[in-house]
Amino acid sequence: MTTTLANSPDTATVRGHCVPTGLFIDGHWRTTDSMFDVIDPATAQPIAQVSDGGAADALSALDAAHAVRAAWRQVSPRDRADLFGAAHRLLLSRADIFAEVMTAESGKPLAESRAEFALSAEFFLWYTEQIAHLHGTYAPASHGGYRVVTSHQPVGPALLITPWNFPMLMIARKAGAALAAGCPVIVKSAKETPLTCALFVETLREAGFPDGVVNLVHTTSSAAVSAALMADPRLRKVSFTGSTGVGSTLLAQAAPGIVNASMELGGDGPFIVLDDADVELAAQQAVVCKFRNAGQACVAANRIIVHRAVADEFTKRFVELTEQLTVGNGFDDGTDVGPIISEAQLDGVTELVATLRGLDTELLTGGAALPGTGYFFAPTVFRVAGRPAELCDRELFAPVATIYEVESTAEAIEFANDTRYGLASYVFTRDLSRALAVGERLDFGMVGINRGIMADPAAAFGGIKASGLGREGGHDAIYDYLEPKYLAVTVNEEEGLA
Ligand code: NAD
């Protein structure tokens, strides 16, 4: 099916779908002189060229966002919710287009792209439903004499920086919350996956979002573009998903101007299998949790920590299931695991496996890149002895599983918490009381109990420690884009009452 998108001077045709390739600033698609290639990681071939924006383009986007900020926050909650409703319906009508474009630029299997699309649309709907339900308070001052009236106001123009591993989910849940709260946004897409972001922004435009409220910049110079925006006092919010290193750079840039910051950063997820676990369930969930998106997920099982009593049984089954996975082009029927995102990232996986081979480990399956075109790596499993320093605080971010054995539940908890990260963790046990007791002791923002997937709009997604600040989803996430506003109102208790 071919779609024709209005008002874009430049488009690319990807899998028969027309996608704008410019920057989107102040309600218009604009092209730049320089362009960069978007590569399909399954074929290593370019599928489109998009505009390569610079700091001046980003500042134009901020001009537009700043100019419209007062008007956007004045749009009544019901009118804003109606716009969201229109966008949500339009998004749903384009499910196949989004899924195919996502697979083409990120490589993930089509079934995973469809699932990501569905979850993204749900997040957007969640915020739609929240818009008209924000609350305030009215109370007497503690000693009387005046009233304390509180409500919330939008933080202001927001920079949203998204990664490539979930190209639609990241923009939908950030932009959903920010726009619902009344903040105009500047999205900085990941250079590997700009096309999904472009489709999302074009859909909001067609739904009727006013000029300047949504802006999109693609760039190969992320550091320069975001530094220019962060240094401008008109920018009031940054929301970032990506690595902890870049997150801390952005926090440092936010400090001088006290820019409000939300950070969804790296993870080192422990996946704990206790001695009373349903081992078959644990092995199945571990495979999904580890190899979904070819292991390139912040919530992936990074350390599989198994009680000695079930270690052999679990490991045998986990390896069997891993060996049943089909690696291939995400568009091929039956593909379970797609390619690694880029050649550089594939080199990183090869280096990681070389490091693991040099430690006190046993390679149980996989261990090498696959020959031929594209950036494919065989799903790989290592058994690891001890706790090598080389793996401490190391986010694998690859289709490489590491299994560790522990002697007790206490040791599992201690090892799980022995990391600077605190995003997702997992516990498998048949005893609910034990699951809760362990869950309460894990220093992580999220604990999956007998399940390896847990992202949901109703849940507060996010991490503690070096994994981030703030939450996406749940009842409170919209408040990350709102500030309390307090009005002190004098009330003369006696006058005018006679
Ligand atoms: P990355 O930090 O390299 O890039 C993320 C985004 O930041 C991209 O858009 C990139 O262009 C941009 N960027 C890079 N350098 C920048 C700079 N100096 N200033 C501003 N922007 C800059 O991360 P990645 O490799 O794309 O993604 C993988 C990382 O993201 C992993 O650590 C993963 O755990 C994390 N992640 C976290 C979550 C979460 O919700 N916590 C979700 C997905 C990914």
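Per chain, residues are indexed from 1 in the order of the written sequence. Reporting of local features is limited, given that this is a predicted model, to residues whose pLDDT is at least 70; pairs of side-chain atoms are given and counted only at 80 or more, and all residues count toward the totals for whole chains, interfaces and linings. Heavy atoms from the whole structure form the basis of all side-chain values; hydrogens and water molecules are not counted.

1. Focus on the state of the cysteines
Okay, so step 1: Criterion for a disulfide: a pair of cysteine sulfur atoms within 2.5 Å. On inspection of all chains with the given rule, the structure shows zero disulfides.
Okay, so step 2: Free cysteine: C289, not disulfide-bonded; nearest cysteine sulfur from C298 at 10 Å.
Okay, so step 3: Counting only cysteine sulfurs, C298 is the nearest neighbor of C392, a cysteine outside any disulfide, at a range of 20 Å.

2. Remarks on the pairing of strand 20 (residues 446-449)
Okay, so step 1: Buried residues are those whose accessible area, probed at 1.4 Å on protein chains only, stays under 20% of the maximum for their type, while exposed residues exceed 50% and partly exposed ones sit between those limits. The secondary structure listing takes helices from DSSP runs of H or I that are at least 4 residues long and strands from runs of E that are at least 2 residues long, numbered from the N terminus. Only one face of strand 20 is covered, namely the face carrying M446 and G448; the face carrying V447 and I449 is uncovered.
Okay, so step 2: Across four bridges, strand 19 (residues 424-428) lies against strand 20 in parallel orientation. The residue bridging V427 from the neighbouring strand is I449, located in strand 20.
Okay, so step 3: Throughout, right-handed denotes a crossover for which the path from the first strand over the helix to the second runs clockwise when the strands point away from the viewer. Chirality of the crossover, the property in question, places the unit of strand 19, helix 13 (residues 432-441) and strand 20 among those that are right-handed. Strand pairing requires that DSSP identify at least two bridges connecting the strands.

3. Some remarks on the UniProt feature "domain: Aldehyde dehydrogenase" (unreviewed entry) in the chain
Okay, so step 1: As annotated by UniProt and renumbered to match this structure, "domain: Aldehyde dehydrogenase" (unreviewed entry) occupies residues 30-486.
Okay, so step 2: End-to-end, the C-alpha atoms of residues 30-486 are 41 Å apart, and along that stretch the chain is 41% helix and 21% strand. UniProt positions are given in the numbering used here, feature names are shortened, and annotations may be inferred rather than shown by experiment.

4. Digging into the pattern of salt bridges
Okay, so step 1: Salt bridge, as used here, is a side-chain nitrogen of Lys or Arg placed within 4 Å of a carboxyl oxygen of Asp or Glu. Here the structure, examined in full by the defined rule, presents 20 salt bridges.
Okay, so step 2: Among the salt bridges present, the one from E320 reaches K316, with a minimum N-O distance of 3.3 Å. On the criterion of helical spacing, the pair formed by E320 and K316 is a turn pair, its members being four residues apart in helix 10 (residues 308-323).
Okay, so step 3: Judged by its relative accessible area of 30%, E320 is partly exposed.
Okay, so step 4: For E320, the salt bridge goes to R317, with nearest N and O atoms at 2.8 Å. In this pair, E320 and R317 are both assigned in helix 10, three residues apart and thus about one turn of the helix distant.

5. Quick word on the site of the ligand
Okay, so step 1: Near is defined per residue: the residue qualifies when any heavy atom it owns lies within 4 Å of the molecule or strand. The immediate surroundings of the ligand are formed by 26 residues, with T162, K188, S243, L265 and E395 found nearest.
Okay, so step 2: What qualifies as a polar contact is a pair of N or O atoms within 3.5 Å, subject to a donor-acceptor requirement within protein and to the restriction that residues adjacent in sequence count only when both atoms come from side chains. Between the ligand and the protein, one listed contact pairs an oxygen atom with a side-chain N or O atom of W164 at 2.9 Å.
Okay, so step 3: Contact distances for the ligand include 3.3 Å between an oxygen atom and a backbone N or O atom of G242.
Okay, so step 4: Exposure was quantified through the Shrake-Rupley algorithm and a 1.4 Å probe, taking into account, for residues, occlusion by the shown protein chains and nothing else. Expressed as a share of its isolated accessible area of 840 Å², the protein-covered part of the ligand is 86%.
Okay, so step 5: Every element with two or more residues in the shell around the ligand is listed here: helix 7 (222-230) and strand 12 (237-241).
Okay, so step 6: For the shell around the ligand, the leading source of residues is helix 7, giving three residues.
Okay, so step 7: Just so you know the grouping, Ala, Val, Leu, Ile, Met, Phe, Trp, Tyr, Cys and Pro go in nonpolar, Asp, Glu, Lys and Arg go in charged, and all remaining residues, Gly too, go in polar. For the shell around the ligand, the class distribution of residues is 12 nonpolar, 10 polar and four charged.
Okay, so step 8: Bear in mind that the domain bounds are from an automatic or database domain assignment. Mapped onto the domain boundaries, the shell around the ligand takes at least three residues apiece from domain 1 (11-265) and domain 2 (270-449).

6. Overview of unusual backbone geometry
Okay, so step 1: For N293, which is not a glycine, the phi torsion comes out positive at approximately 55°.
Okay, so step 2: Take N293: its relative accessible area is 6%, and that puts it in the buried class.
Okay, so step 3: With a phi angle near 60°, D393 is a residue other than glycine that sits in the positive phi range.
Okay, so step 4: Position of D393 relative to the elements: it lies in the loop between strand 17 (380-384) and strand 18 (400-406).

7. Details of the side chain of R147
Okay, so step 1: Tracing the backbone shows R147 in strand 8 (residues 146-154).
Okay, so step 2: We call two residues contacting when some pair of their heavy atoms lies within 4.5 Å. Not counting the four nearest positions on each side in its chain, R147 is found in contact with Y138, A139, P140, A141, L487, A488, V489, V491 and E493.

8. A closer look at the domain arrangement of the chain
Okay, so step 1: Domain annotation for the chain reports domain 1 (11-265) and domain 2 (270-449).
Okay, so step 2: Domain 1 and domain 2 are separated by 31 Å when their C-alpha centres are compared.
Okay, so step 3: Computed with a 1.4 Å rolling probe, the buried area is the accessible surface lost when two parts are put together, summed over both parts. A buried area of about 1900 Å², summed over both sides, lies between domain 1 and domain 2, and 63% of it is on carbon and sulfur atoms.
Okay, so step 4: Of all residues in domain 1, P41, A42 and W164 give up the largest surface area on contact with domain 2, accounting jointly for 27% of the area buried on that side.
Okay, so step 5: At the boundary of domain 1 and domain 2, one finds zero salt bridges.

9. With respect to the nonpolar core
Okay, so step 1: The set of buried Ala, Val, Leu, Ile, Met, Phe, Trp, Tyr and Cys residues whose side-chain atoms join them within 4.5 Å is what this entry labels a nonpolar core. The biggest cluster of nonpolar side chains holds 68 residues, and the ones touching the most others in it are L179, F200 and F209.
Okay, so step 2: The greatest single-element share of this core, amounting to 11 residues, is contributed by helix 5 (residues 167-181).
Okay, so step 3: Domain assignment of the residues forming this core places at least three in each of domain 1 (11-265) and domain 2 (270-449).
Okay, so step 4: Contact partners of F200, with chain neighbours within four places excluded, come to L91, F98, F124, M168, I171, A172 and A175.
Okay, so step 5: Ranked by size, the runner-up nonpolar core spans 61 residues in total, among them A277, F318, L359 and A412.

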